[in-house]
Protein chains: 2
Amino acid sequence: RDYLAGVPDIAALLGGDPASWEITEVGDGNLNLVFIMKGAGGGVAVKQALPYVRLVGESWPLPLSRAHYEYLALSRQAQLAPGLVPALLHHNEALALTVMELLEPHIIMRKGLVAGTQYPGFVSDITTFMARTLFFTSDLALSAAEKKEGIAAFAGNHALCKITEDLIFTDPYRIAEQNRWTAPYLDALAASLRDDIELHVAISRLKLKFMASPEALLHGDLHTGSIMVTDHQTRVIDPEFAFYGPMGFDVGAVIANLLMAYFASAGHERAAGERAAFEAWVLETVEKVWSEFVRKFLDLWRAEGTGDAYPVSLFAGAQGVARLEAERQVYMQRLFADTVGFAAAKTIRRIFGLAHNIDFELIEDPKKRAVSEARAVRLARAMMVETGTFRTIADVTGAARKLRDWQPELAG
Amino acid sequence: RDYLAGVPDIAALLGGDPASWEITEVGDGNLNLVFIMKGAGGGVAVKQALPYVRLVGESWPLPLSRAHYEYLALSRQAQLAPGLVPALLHHNEALALTVMELLEPHIIMRKGLVAGTQYPGFVSDITTFMARTLFFTSDLALSAAEKKEGIAAFAGNHALCKITEDLIFTDPYRIAEQNRWTAPYLDALAASLRDDIELHVAISRLKLKFMASPEALLHGDLHTGSIMVTDHQTRVIDPEFAFYGPMGFDVGAVIANLLMAYFASAGHERAAGERAAFEAWVLETVEKVWSEFVRKFLDLWRAEGTGDAYPVSLFAGAQGVARLEAERQVYMQRLFADTVGFAAAKTIRRIFGLAHNIDFELIEDPKKRAVSEARAVRLARAMMVETGTFRTIADVTGAARKLRDWQPELAG
């Protein structure tokens, strides 16, 4: 309070006597402190990093520098996708503290999905966000020098990358203290993942791609808990995992979390079929997230592809233009395969790793929860090991639909 | 002279009165000044960067920072491949000046190859150099954090990368002022490359891989002009193009330059067949460079694969060990395809781009030179566009052998 009272812009925005400001701790993320401050004139959100993981405590240290990278990423995203991230009001590097626009009456999208809410503006907003932030930080838009500068600027955020490398790409596939799952129902499935050597090859390839394919500046944690929504607005928050990585990791995160919302939905229905319209909307949204992302990304490439990759001077004339267009389709097909694989990885970690999500966790009956989870895992396993059999996004949603009422055999 | 007289170690090594030191300018590279200094006690090589390209002049500026990156790379290579790079004696960052061991009686390998000299120790030395420098700077040996630090440390060397991006991956395939070739004989071939749209797709894919696949710390310019040899010693010099890039670029550079030595050989013979033994040795060397590189790289991976990629904890037990071994073969097969593609790119640039090499240039009869060059280009075109048809290194050398006496139709 005292600190922000001394920041003129913030004090003016909140208004009135600082002593009258109302402060609430609202952080429900795993890593940081988040406060809402309200004064007579308005409100702000204040996010401050701690030198350890909030969820776990001081035994798990985590560098404060993540606040720097989050600020850097948020600034870049605000330039590239204006209106789709919260406005930045103030940043103090030494305090690892950032003050942002208060998002009201937005809620975390994941909560809305659990409640069965449809978001008609979501596809348009999230695909604009992804297409623009990924395209404009890629070799298709940047010079190689600008790209290398960007990579170097985020290279220091490796502690956050390491969390992903461990919790998503390694631990769920081996015995690890922090793993948990819906026991005893999924005990056998958990054991089978630890013995599934083809799955281990697939996750290791994805891990290497995550570590060594700096295609674009990623959000790095783009699940539905990092997205705040109203019926008609979308804001992407919390890019502290930002780094230069493979684009499919961000796109796959969105798709994985929609698919999990779909499979969790059966666990939330009180009467059979009552959420059918919502579920149909979710799968339609999965399809449109991919197709609209592709459309927007390709439009940007065609109009603003002035980066050092695929120089237009090598694709002159009608034949060259046509051949480059065909190559763009090949590029997107490769990106689709990455997206399918990363979506699978993001799903499995939410069911067998450390960090779970409320889509499944709020299903009170553990057996029902396990059934929903087992369906999601069955699809994810196929997506990761037989990635090539998913040629289009309709192959993914079609497979999900077939598993909607599949009854796994569960112990317990 | 005055400067080095003030560096005690160097003054002691050279010995005697600094006024008596003999200084010769020997730089025959394109970018820098290189002096040999000899005193009563011994000699040193002194390399100093200029703020422009030596070959072209002040109209082509180039940052002095390349001396920093060269020093950094040389230090790392000296740790990883001791005895295979010149010993570092002194470095002055501000002067962009490095003093190194004087390599005597070593000569530039390319000169020896033009003369038809065989180097029995070359395969062993160069494959040790490549296997160790590439493996130990890769995700297979490093933590992701160490790897990102390495990438960031070399990210600033983008001006040198840009030279490669332009001169190797772009200009030879379009009209560019700096291009040159053996006219008029290769005029039609040069024009056909500019119209060869499949080749343009292939070179663009390689360019993107060069820019955005930081697999390991590359030498970055590993042709036979960057290698000094005696009959039994090999020293790799001049790593000023060093950066984190795709391993196949270094391996492909060695193979491309051996293949060019092979095709140039016919142009240097005074009597038919007089260089047959040399030519057989060159192709055998191409095969062994690949097979020994693979053997050493895989041995390192098996013994010291403690990096964050492919964690052994996911490949436990006999089945896991066997599956990881199979995956290693897949990894090397992918690296082979990269190597074939990059070797092709390195060949074409030497025949149609700015920087040519003496293998071809010293063939005095331009028509004979053009014949040798056309054979090399025919192989390179196939290697770049039909990369997948080259499954083993014997496919490459077999194709080269078939082209040894192929008679292209040349204008003029």
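So, how was this worked out
Residues numbered from 1 in each chain as written. Chains lettered and ligands numbered in written order. Predicted model: local features only at pLDDT ≥ 70, side-chain atom pairs only at ≥ 80, totals over all residues. Heavy atoms only, no water. Least-squares fit on C-alpha atoms with pLDDT ≥ 70 in both. Contact = heavy atoms within 4.5 Å. Domains from an automatic or database assignment. Buried area = accessible area lost by both parts, 1.4 Å probe. Pairing = 2+ DSSP bridges. Helix = DSSP H or I, 4+ residues; strand = E, 2+ residues; numbered from the N terminus. Axes fitted to C-alpha atoms, helices over the stretch in contact; angles between N-to-C directions. Phe/Tyr/Trp six-rings, centres within 6.5 Å; stacked < 30°, edge-to-face > 60°. Lys NZ or Arg CZ within 6 Å of the ring centre and 35° of its normal. Buried < 20%, exposed > 50% of the residue type's maximum accessible area, 1.4 Å probe, protein only. Lys, Arg positive; Asp, Glu negative; His and termini not counted. Salt bridge = Lys/Arg side-chain N within 4 Å of Asp/Glu carboxyl O. Core = buried A, V, L, I, M, F, W, Y, C linked by side-chain atoms within 4.5 Å. Polar contact = N/O pair within 3.5 Å; in protein donor to acceptor, adjacent residues only side chain to side chain. Nonpolar A, V, L, I, M, F, W, Y, C, P; charged D, E, K, R; others polar. Expected span 1.5 Å × (residues − 1).

**Notes on the relation of the copies chain A and chain B**
Line of reasoning, step 1. Rotating chain A by 180 degrees about the axis while translating it 0.0 Å along that axis superimposes it on chain B, leaving an RMSD of 0.0 Å. Expressed as a symmetry operation, the mapping of one chain copy onto the other fits a two-fold axis. If distances are taken from each C-alpha of chain A to the rotation axis, the shortest is found for A152 of chain A, at 2.3 Å.
Line of reasoning, step 2. A shared interface surface links the copies, since 100% of the contact residues of chain A are contact residues in chain B too.

**Comments concerning the domain arrangement of chain A**
Residue and element names in this part refer to chain A.
Line of reasoning, step 1. Considered domain by domain, chain A is made up of domain 1 (2-101) and domain 2 (107-403).
Line of reasoning, step 2. Look at where the C-alpha atoms of domain 1 and domain 2 centre, and you get two points 27 Å apart.
Line of reasoning, step 3. Facing the 22 residues of domain 1 at the interface are 30 residues of domain 2.
Line of reasoning, step 4. In this assembly, domain 1 packs against domain 2 so that about 2,200 Å² is buried in total across both faces, 67% of it on carbon and sulfur atoms.
Line of reasoning, step 5. In terms of surface lost to domain 2, no three residues of domain 1 exceed Y69, L80 and L84, which account for 29% of the buried area on that side.

**Examining the sheet that holds strand β10 (residues 227-229) of chain A**
All names here are of chain A.
Line of reasoning, step 1. One open sheet accounts for 3 strands, arranged β8-β10-β11; its pairing is antiparallel. The open sheet has two edge strands, β8 (107-108) and β11 (234-236), and neither has a second partner.
Line of reasoning, step 2. Of the pairings in the sheet, the one linking β8 to β10 comprises 2 bridges and is antiparallel in character. Within β10, the residue paired with I107 across the bridge is V229.
Line of reasoning, step 3. Contacting β10 and β11, helix α5 (residues 122-135) crosses the sheet at an angle of about 30 degrees to β11.

**Let's talk about the packing of aromatic side chains**
Line of reasoning, step 1. All chains considered together, the criterion is met by 40 aromatic pairs over all chains.
Line of reasoning, step 2. Of the aromatic side chains, those joined through ring pairs into one cluster are F135, F136, W290, F293, F297, W301, Y310, F315, Y331 and F336 of chain A.
Line of reasoning, step 3. Sitting above the plane of the W406 of chain A ring, R378 of chain A keeps its charged end 4.4 Å from the centroid.
Line of reasoning, step 4. Over the ring of Y331 of chain B we find R334 of chain B; its NZ or CZ atom is 5.0 Å from the centre of that ring.

**Examining unusual backbone geometry**
Line of reasoning, step 1. In this chain, A183 of chain A is followed by P184 of chain A through a cis amide linkage whose omega measures 0 degrees.
Line of reasoning, step 2. Its location among the elements puts P184 of chain A in the loop between α7 (158-167) and α8 (187-195).
Line of reasoning, step 3. Of note, A96 of chain B is a non-glycine position whose phi angle comes to about 55 degrees, a positive value.
Line of reasoning, step 4. For A96 of chain B, the position within the fold is in the loop between β6 (88-92) and β7 (97-101).

**Observations regarding the side chain of D125 of chain B**
Residues and elements named next belong to chain B.
Line of reasoning, step 1. Turning to its location among the elements, D125 is positioned in helix α5 (residues 122-135).
Line of reasoning, step 2. No salt bridge is formed by the buried D125, whose closest oppositely charged neighbour, R235, lies at an N-O distance of 5.9 Å.
Line of reasoning, step 3. The contact partners of D125, leaving out residues within four places of it in the chain, are L84, H232, Q233 and T234.

**As for the nonpolar core**
Line of reasoning, step 1. Core analysis: the largest hydrophobic core is formed by 217 residues, its most contacted members being F293 and F297 of chain A together with F293 and F297 of chain B.
Line of reasoning, step 2. Y69, I151 and F154 of chain A together with Y244 of chain B belong to the second largest nonpolar core, which has 14 residues in total.

**Considering the interface of chain A and chain B**
How big an interface is tends to be expressed through the accessible area that disappears when the partners come together.
Line of reasoning, step 1. The interface is formed by 44 residues belonging to chain A together with 44 residues belonging to chain B.
Line of reasoning, step 2. Buried area between chain A and chain B, summed over both chains or domains, comes out near 3,800 Å², and the portion from carbon and sulfur atoms is 63%.
Line of reasoning, step 3. The interface formed by chain A and chain B holds 6 salt bridges in total.
Line of reasoning, step 4. Between E165 of chain B and K148 of chain A there is a salt bridge, with the nearest N and O atoms lying 3.9 Å from each other.
Line of reasoning, step 5. In this structure, the connection of chain A to chain B is made through 10 residue pairs in polar contact (both at pLDDT 80 or more).
Line of reasoning, step 6. Sort the elements by how many residues they give to the side of chain A that touches chain B and helix α9 (residues 197-212) of chain A lands first, with 11 residues.
Line of reasoning, step 7. In terms of residue class, the side of chain A that touches chain B is made up of 23 nonpolar, 8 polar and 13 charged.

**What to know about the pattern of salt bridges**
Note that side chains of opposite charge can pair when their charged atoms are close.
Line of reasoning, step 1. In the structure shown here, the tally under the stated rule is 60 salt bridges over all chains.
Line of reasoning, step 2. As a salt-bridge pair, R110 of chain A and D359 of chain A come within 2.8 Å of each other at their nearest N and O atoms. Of this pair, R110 of chain A sits in helix α4 (residues 109-114) while D359 of chain A sits in helix α13 (residues 358-361), and the two are 249 residues apart along the sequence.
Line of reasoning, step 3. Residue classification places R110 of chain A among the buried positions, given a relative accessible area of 6%.
Line of reasoning, step 4. Look at D359 of chain A and you get buried, because its relative accessible area is 1%.
Line of reasoning, step 5. Note that R404 of chain B and E279 of chain B form a salt bridge whose closest N and O atoms lie 2.6 Å from each other. With R404 of chain B in the segment after α15 (393-403) and E279 of chain B in helix α11 (residues 276-304), this residue pair connects regions lying 125 residues apart in the sequence.
Line of reasoning, step 6. With a relative accessible area of 6%, E279 of chain B lands in the buried category.
Line of reasoning, step 7. Because the salt bridges share partners, they merge into one network encompassing E292, R295, D299, R302, E325 and R328 of chain A.

**Considerations on α5 of chain B**
Residue and element names in this part refer to chain B.
Line of reasoning, step 1. For α5, spanning 14 residues, the distance from its first C-alpha to its last is 19 Å, which sits close to the expected 20 Å at 1.5 Å a residue.
Line of reasoning, step 2. Extensive coverage of α5 is indicated by the burial of 11 of its 14 residues.
Line of reasoning, step 3. When α5 is considered as a whole, its buried residues turn out to be F122, V123, D125, I126, T127, F129, M130, A131, T133, L134 and F135.

**Considering the pairing of strand β5 (residues 57-61) of chain B**
Residue and element names in this part refer to chain B.
Line of reasoning, step 1. The pairing of strand β4 (residues 52-53) with β5 spans 2 bridges and is antiparallel. Looking at the pairing, Y52 lines up with P61 of β5.
Line of reasoning, step 2. Where β4 hands over to β5, the hairpin turn is made up of 3 residues, counted between the paired strands.

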